[in-house]
Amino acid sequence: MTLSRRGVLGLAGAVGSAGAMGVLGAAGAAGAVGTAGAVGTAGAAGAPGAGGAAGTCAPQAADRVRTGFERLAADGYAVLAGQKVGVVTNPTGITPDARHLVDVLHADDRVDLVAVFGPEHGFRGTAQAGDSEGASRDPATGLPVYDTYDKSGQRLADVFTAAGIDTVVFDIQDVGARFYTYIWTLYDCMRAAALAGKAVVVLDRPNPVGGRRAAGPVLERPYASFVGREPIALAHGMTAAELARLFKGEFLGAAPVGLTTVAMSGWRRGSFFGETGLPWVPPSPNMPTPDTALAYAGTCLFEGTNLSEGRGTTTPFEVLGAEGIDRRWAEAANALGLPGVWFREAYFTPTFSKHVGKVCGGVRLIVHDREAFDPVRAGIGLLVTARRVWSGFEWRSDHWIDRLTGSDRVRKLIDAGAGVEEVAGDWAAGLARFEAVRARYLLYP
């Protein structure tokens, strides 16, 4: 494969609507943690990685992306000096040579690391969806591990106070979809830190599916939950640090959190994970590869139906189906002519979750053009065609699909016989408004 080299990354730093902003180049010293209401940003600058398919042609080490943690370490952890630190992380919080940042920080006398906080799936990542590992003590470092899952507001603020920390450091690999809960763990930590008088430092990592654009419906507040606290697009097209800036500027104005974001260097908005040169660690048990993440924003919508979304297989969110579905679904989906993706007839037997132990017929997504592929439109197309070709199609009785899409509009339009373009047209105005807001908080070209 011939790899193309992209241009040199420019200096980052769009100013958000709330708080002061300090922007710093890759070679400079990191800014101090802002006081309540202020934002400090270690900016993004440097050479981007070369192109390549996920998991195949990785860039040379000199060209790879440098994560926020790497830039924090290169500056001698200046933003953490003199503070008692707690880290919110999971197995994805690693260095390029696969050491965990908790182990690295604990071994460094320049950092006073006193606590670890585990999100959904846990610090070590052993819990399935909707679960966590609970409180424990890390056997490698002896540090106390606190469970943040299903905690927010004053309840989470009390955890931070009990842990005896001054600063919350967040470093988790996101996958770019509104209903992936780690970004709402970040949001909840920011709100709780404001209540507890703690600072927040966000160490940035790539959006593995790129960040060229946002896609899909914007959440309506009556449908807010842990799979969407605030009105952002289903596929937000942002990194964790960019989202933290947006959360502070748009949603947490009444909560004066002191926020510092440490940006990456070498990442561009059009880059996919395979172009970063970084190792992939599954952020959750059913997110095994970057290809899973590519499909997830669309195919996770099937959690709101009686079809399997592929949990309990080796390719979750890339295969979908149920008993009694045959080749007609793949044929109907391919007939939509959706860009960048083919749908192949597939059969599988889940080992857990929906339809466990039963042979399911359905489709497998094959993304042949990542840049043209829109996972949200693909997901809508699959919902539309599944409902048309399979008489057994049902929404979950709790209307979970409404939480995933952010309102009842997608469900009602599909039930009324709408096609992909009509459904997508319904969210177009809201998406355009979100894009305009989003643009104010982006850190990378």
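Details of the structure are given in the entry above.
Let me begin by describing the structure that accompanies this report. (Residues numbered from 1 in each chain as written. Predicted model: local features only at pLDDT ≥ 70, side-chain atom pairs only at ≥ 80, totals over all residues. Heavy atoms only, no water.)

### Quick look at the pattern of salt bridges
So the rule is basically this: Between Lys or Arg on one side and Asp or Glu on the other, a salt bridge is scored when a side-chain nitrogen of the former is within 4 Å of a carboxyl oxygen of the latter. Numbering of helices and strands runs from the N terminus; a helix is a DSSP stretch of H or I covering at least four residues, while a strand is a stretch of E covering at least two. Buried residues are those whose accessible area, probed at 1.4 Å on protein chains only, stays under 20% of the maximum for their type, while exposed residues exceed 50% and partly exposed ones sit between those limits.
Scanning the entire structure with this criterion turns up 26 salt bridges. Ionic pairing is found between Glu275 and Arg370, a salt bridge with its closest N-O pair at 3.8 Å. Taken together, the residues span a long stretch of sequence, with Glu275 in the loop between strand 11 (258-262) and helix 6 (290-299) and Arg370 in the loop between strand 14 (360-367) and helix 8 (375-389) at a distance of 95 residues. Relative accessible area serves as the criterion here: at 3%, Glu275 is assigned to the buried category. Residue Glu323 is joined to Lys358 by a salt bridge in which the shortest nitrogen-to-oxygen separation is 3.9 Å. Of this pair, Glu323 sits in the loop between strand 12 (319-322) and helix 7 (328-335) while Lys358 sits in the loop between strand 13 (341-348) and strand 14, and the two are 35 residues apart along the sequence. Here Lys358 falls in the partly exposed class, since its relative accessible area comes to 39%. Three or more residues are tied together by salt bridges with common partners; here these are Glu303, Glu309, Arg311 and Lys354.

### Details of helix 4 (residues 182-196)
So the rule is basically this: One less than the residue count of a helix, multiplied by 1.5 Å, gives the span that helix is expected to have. We call two residues contacting when some pair of their heavy atoms lies within 4.5 Å.
Here helix 4 is 15 residues long and its end C-alpha atoms lie 20 Å apart, about the 21 Å a rise of 1.5 Å per residue gives. Of all 15 residues making up helix 4, eleven are buried, and the element is well covered by its neighbours. Turning to helix 4, its buried residues are Tyr182, Ile183, Trp184, Thr185, Leu186, Tyr187, Asp188, Cys189, Met190, Ala192 and Ala193. Those residues of helix 4 that are buried lie in contact with strand 3 (84-89), helix 3 (153-163), strand 7 (167-171), strand 8 (199-203), helix 5 (240-251) and strand 11.

### Focus: the packing of aromatic side chains
Rules: Put simply, two rings from Phe, Tyr or Trp (the six-membered ring, in Trp's case) pair if the centres are within 6.5 Å, and we call them stacked under 30 degrees between planes, edge-to-face over 60, tilted for the rest.
Inspection of the entire model under this criterion finds 16 aromatic pairs. Between Tyr180 and Tyr296, the ring centres sit 5.4 Å apart and the planes meet at 80°, which makes this aromatic pair edge-to-face. Of this pair, Tyr180 sits in the loop between strand 7 and helix 4 while Tyr296 sits in helix 6, placing them 116 residues apart in sequence. With relative accessibility at 5%, the residue Tyr296 sits in the buried group. Chaining the aromatic ring pairs together yields one cluster made of Phe179, Tyr180, Tyr182, Tyr296 and Phe317.

### Looking at unusual backbone geometry
Although it is not a glycine, Ala98 sits at a positive phi angle of roughly 70°. When you line up the elements, Ala98 lands in the loop between strand 3 and helix 2 (101-106). For Ala98, a relative accessible area of 55% translates into the label exposed.

### Side note on the packing of helix 7 against helix 8
To be explicit about the condition: Here the axes come from fitting lines to C-alpha atoms, over the contacting stretch only for helices, and the angles between their N-to-C directions go from 0 to 180 degrees. Working definition: roughly parallel below 35 degrees, roughly antiparallel above 145 degrees, roughly perpendicular at 65 to 115 degrees, and oblique for all remaining angles. Each helix crossing is assigned a hand: it is left-handed if the near helix lies turned anticlockwise from the far helix by less than a right angle, otherwise right-handed if that turn is clockwise. Each residue gets one label: Ala, Val, Leu, Ile, Met, Phe, Trp, Tyr, Cys and Pro are nonpolar, Asp, Glu, Lys and Arg are charged, and the others, such as Gly, are polar.
Contact pair helix 7 / helix 8: the axes reach a minimum separation of 9 Å and the direction vectors enclose 135°. By the criterion of interaxial angle, the relationship of helix 7 to helix 8 is oblique. As helix 7 packs across helix 8, the resulting crossing turns out to be right-handed. Listed contacts from helix 8 to Arg328, Trp329, Ala332 and Ala333 of helix 7 are Leu382, Thr385, Ala386 and Val389. Class assignment of the residues belonging to the contact of helix 7 with helix 8 gives a composition of six nonpolar, one polar and one charged.

### A word on the pairing of strand 4 (residues 112-118)
For clarity, the threshold we go by: At least two bridges found by DSSP between two strands are what make those strands a pair. For a crossover, the right-handed case is the one in which the path from the first strand over the helix to the second runs clockwise, viewed with the strands pointing away from the viewer.
Within strand 4, five of the seven residues are buried, leaving the element largely enclosed by the surrounding structure. Bridge count for strand 3 against strand 4 is five bridges, and the pairing is parallel. Along strand 4, the bridge assignment pairs Gly86 with Ala115. In the classification by handedness, the crossover that spans strand 3, the intervening helix 2 and the parallel strand 4 is right-handed.

### A word on the side chain of Glu318
Within the secondary structure, Glu318 sits in the loop between helix 6 and strand 12. Beyond its immediate sequence surroundings of up to four residues, Glu318 is in contact with Thr289, Asp291, Thr292, Val363, Arg364 and Leu365.

### Structural notes on the packing of helix 8 against helix 11 (residues 420-438)
Where helix 8 meets helix 11, the axes come as close as 9 Å, and the angle between the chain directions of the two elements is 130°. In terms of their interaxial angle, helix 8 and helix 11 are classed as oblique. Helix-helix and strand crossings are classified by hand; for helix 8 and helix 11 the assignment is right-handed. Along the contact surface, helix 8 presents Val376, Arg377, Ile380 and Gly381, while helix 11 presents Val420, Glu421, Val423, Ala424 and Trp427. Across the contact of helix 8 with helix 11, the residue classes tally to six nonpolar, one polar and two charged.

### Quick look at the pairing of strand 6 (residues 144-147)
Direction of pairing for strand 4 relative to strand 6: parallel, over a ladder of three bridges. Paired with Phe117 across the bridge in strand 6 is Tyr146. As defined by bridge partners, strand 5 (residues 136-137) adjoins strand 6 across two bridges and the pair is classed as antiparallel. Across the sheet, the residue bridging to Arg137 is Pro144, located in strand 6. Where strand 5 folds back onto strand 6 in an antiparallel hairpin, the turn is made up of six residues, including Gly142, whose phi is positive at roughly 80°.

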